[in-house]
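The residues making up each chain are set out below.
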Amino acid sequence: MSELEDAVLVRSSQEGDLRAFDELVRRYQQRVYATVYHMTSNHEDADDLTQESFIKAFKALKRFKGDSSFYTWVYRIAVNRTINFLKQRNRRSFHMSLNDMDMQVEKDADLLMFISDKTPRRDIRLNELQEKLNEALMKLSETHRLTVTLHDIQGMSHEEIGKIMDCNTGTVRSRLFYARQQLQAYLSEYLN
Amino acid sequence: MNDSQQPASSRIEKLIALKRYECPPPGHAELLTSKIISRLEAEQMRAREPWYRRWMHALDLNPILTTAYGGVVMALMWLGWHYGEHFEAEAPAKVFGNAGLQMGSLGLMGSMSSDEDASSLGITLEQAFQSVQTSSSVQPRVHIPGSPVPWLRESMAARTLSHADFQPY
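Residues numbered from 1 in each chain as written. Chains lettered and ligands numbered in written order. Predicted model: local features only at pLDDT ≥ 70, side-chain atom pairs only at ≥ 80, totals over all residues.

Enquirer: Explanation requested: the overall build of chain A in the structure shown.
Expert: From N to C terminus, chain A includes 10 helices and one strand. Along the chain direction, N to C, the helices and strands of chain A fall in the order α-α-α-α-β-α-α-α-α-α-α. Counting all 192 residues of chain A, 33% fall into the buried class. Long-range pairs, those at least 24 residues apart, make up 64% of the contacts in chain A with a sequence separation of at least 6. (Helix = DSSP H or I, 4+ residues; strand = E, 2+ residues; numbered from the N terminus. Buried ≥ 20, exposed ≤ 12 C-beta atoms within 10 Å, placed from the backbone. Contact = placed C-beta atoms within 7 Å.)

Set out below in structure tokens:
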């Protein structure tokens, strides 16, 4: 089933075939989860929101006309749901529940740039850096955080982000520029 | 180019990109998929159930709906109690014919503006009162303690009386 195109699986899912939808979930759930996780900085919230997004997508699948790809469409559902959730969460206290860093990170050359002996901040540890990064991201507005997440973490193009966020590429670029400026200010101690 | 000579925008991009290494616990992907599919299967099963089971399930799942339902039931009970008490308080006036007297009086008052007018009709208010009290519409009020609802007590009393009227002597 893995070689089948999304459109075929979507058509079967629209007829109520859960096996076809299961395949679609397998294809995209990790990327959707990762985006929601970077937006919320909380594993449990990301888990719940990803589940709800796919369940909502299945229920709304009959209205899916195929104007965009299934991937973009389900992303849009997840993003809207996450932004609504964050607006409610901002009114109450929240704690970060961060996932562990993959051990591969220690081999990353860029990491060495930030925590190697050459830098003035050689005393920082990986966990501390992770926390600071998440704290800085959480200080951004939802739309700026989403733009940074989709571009700098998920590696999406400006066009894809524009489709997901329902805006043009110029807006995506300006949001990205502004968000990076903000992050530079919040994380200046690691950048100098 | 040395790391420290890189532009700040490039360095911040690299720093943010480190978040890619944050991974969920092992097996999370499989678990998440099975959670989504099992929830959808459960919903499909539920859609085939009769309406009252779906309704009960919705009450189980949604605390807001359950609270709202409880609130509606409580409000209806309070309204029933409140109006029941209200009718009970008004009941003697209706049963003993005061209402009839008032209506009769209103009829009289509608046609006369003073005592002189009343005497010109040839009746007094006392006569009108007596005529209403002795009319056949007057019913004694009997309390049936078994019934918790006042208006039901009265209707049961009326039913008991009418039943007794037909008993042979």
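Enquirer: What am I meant to see in the overall build of chain B here?
Expert: When helices and strands are counted, chain B shows eight helices and one strand. A total of 169 residues make up chain B; the buried ones form 8% of that total. Excluding contacts between residues fewer than 6 apart, the proportion of contacts in chain B whose partners are at least 24 apart in sequence is 48%.

Enquirer: Explain the interface of chain A and chain B here, please?
Expert: Size of an interface: often given as the accessible area lost when the parts come together. With 38 residues of chain A at the contact, the number on the chain B side is 26 residues. Among the elements of the structure, helix 2 (18-40), helix 3 (43-60), strand 1 (100-101), helix 5 (109-115), helix 6 (126-138), helix 7 (142-153), helix 9 (169-186) and helix 10 (188-191) of chain A are those that each provide at least two residues to the side of chain A that touches chain B. If one sorts the elements of the side of chain A that touches chain B by residue count, helix 2 of chain A sits on top with eight residues. Within the side of chain A that touches chain B, the residues separate by chemical class into 19 nonpolar, 10 polar and nine charged. Relative to strand 1 (residues 22-23) of chain B, strand 1 of chain A runs antiparallel, the two being bridged by two bridges. Within strand 1 of chain B, the position partnered with D100(A) by the bridge is C23(B). (Nonpolar A, V, L, I, M, F, W, Y, C, P; charged D, E, K, R; others polar. Pairing = 2+ DSSP bridges.)

Enquirer: Whenever I open this one, the packing of helix 2 of chain A against helix 2 (residues 28-47) of chain B confuses me. Can you help?
Expert: At their nearest, the axes of helix 2 of chain A and helix 2 of chain B sit 9 Å apart, and the two run at 135 degrees to each other. Here helix 2 of chain A lies oblique to helix 2 of chain B, going by the angle between them. Crossing geometry of helix 2 of chain A relative to helix 2 of chain B is assigned as right-handed. Residues L18(A), D22(A), V25(A), R26(A), Q29(A), Q30(A) and Y33(A) of helix 2 of chain A touch helix 2 of chain B, and the partners they reach there are A29(B), L32(B), T33(B), I36(B), I37(B), L40(B) and E41(B). Classifying every residue of the contact of helix 2 of chain A with helix 2 of chain B by side-chain character gives eight nonpolar, three polar and three charged. (Axes fitted to C-alpha atoms, helices over the stretch in contact; angles between N-to-C directions. Parallel < 35°, antiparallel > 145°, perpendicular 65-115°, else oblique. Left-handed = near helix turned anticlockwise from the far one by under 90°.)

Enquirer: Explain the environment of V32(A) here, please?
Expert: All names here are of chain A. Along the chain, V32 turns up in helix 2. For V32, a count of 24 C-beta atoms within 10 Å translates into the label buried. Considered as a pair, V32 and V79 are 47 residues apart in the sequence and their alpha carbons are 8.7 Å apart. Discounting chain neighbours no more than four positions away, the residues touching V32 are T50, S53, V74, Y75 and A78.

Enquirer: What am I meant to see in the nonpolar core here?
Expert: Burial of nonpolar side chains together is a common tendency in soluble globular proteins. In this structure, Y33(A), V36(A), V74(A), A78(A), L133(A), L187(A) and L15(B) are the most contacted members of the largest nonpolar core, which totals 49 residues. In terms of residue count, helix 2 of chain A provides more of this core than any other element does, nine residues in total. Each of two domains, domain 1 (1-95) and domain 2 (103-192) of chain A, supplies a minimum of three residues to this core. With residues near it in sequence (within four places) discarded, A78(A) still touches V32(A), T35(A), V36(A), L49(A), T50(A) and S53(A). (Core = buried A, V, L, I, M, F, W, Y, C linked by C-beta atoms within 7 Å. Domains from an automatic or database assignment.)

Enquirer: What am I meant to see in the environment of A29(B) here?
Expert: You can see A29(B) is positioned in helix 2. A29(B) has contacts with Q29(A) and Q30(A), leaving out every residue within four places of it along the chain.

Enquirer: Help me understand the packing of helix 1 (residues 6-14) of chain A against helix 2 of chain A in this model?
Expert: To characterise two packed helices, one gives the angle between the axes of the helices and the distance between these axes. Residue and element names in this part refer to chain A. Where helix 1 contacts helix 2, the two axes come as close as 7 Å, and the packing angle between them is 135 degrees. By the angle class used here, helix 1 and helix 2 are oblique. With respect to the hand of their crossing, helix 1 and helix 2 are arranged in left-handed fashion. Touching D6, L9, S12 and S13 of helix 1 are A20, F21, E23 and L24, all from helix 2.

Enquirer: Please clarify how helix 6 of chain A should be interpreted in this entry.
Expert: Residue pairs spaced three or four apart in an α-helix point in one direction, given the helix's 3.6 residues per turn. Residue and element names in this part refer to chain A. In this model, helix 6 (13 residues) spans 18 Å end to end at C-alpha, consistent with the 18 Å of a helix rising 1.5 Å per residue. Turning to helix 6, its buried residues are L129, Q130, L133, A136 and L137. Down the axis of helix 6, the sector holding all buried residues measures 130 degrees, keeping them to one side. With respect to the buried face of helix 6, the exposed residues turned more than 90 degrees away are N127 and E128. (Expected span 1.5 Å × (residues − 1). Arc of directions from axis to C-beta.)

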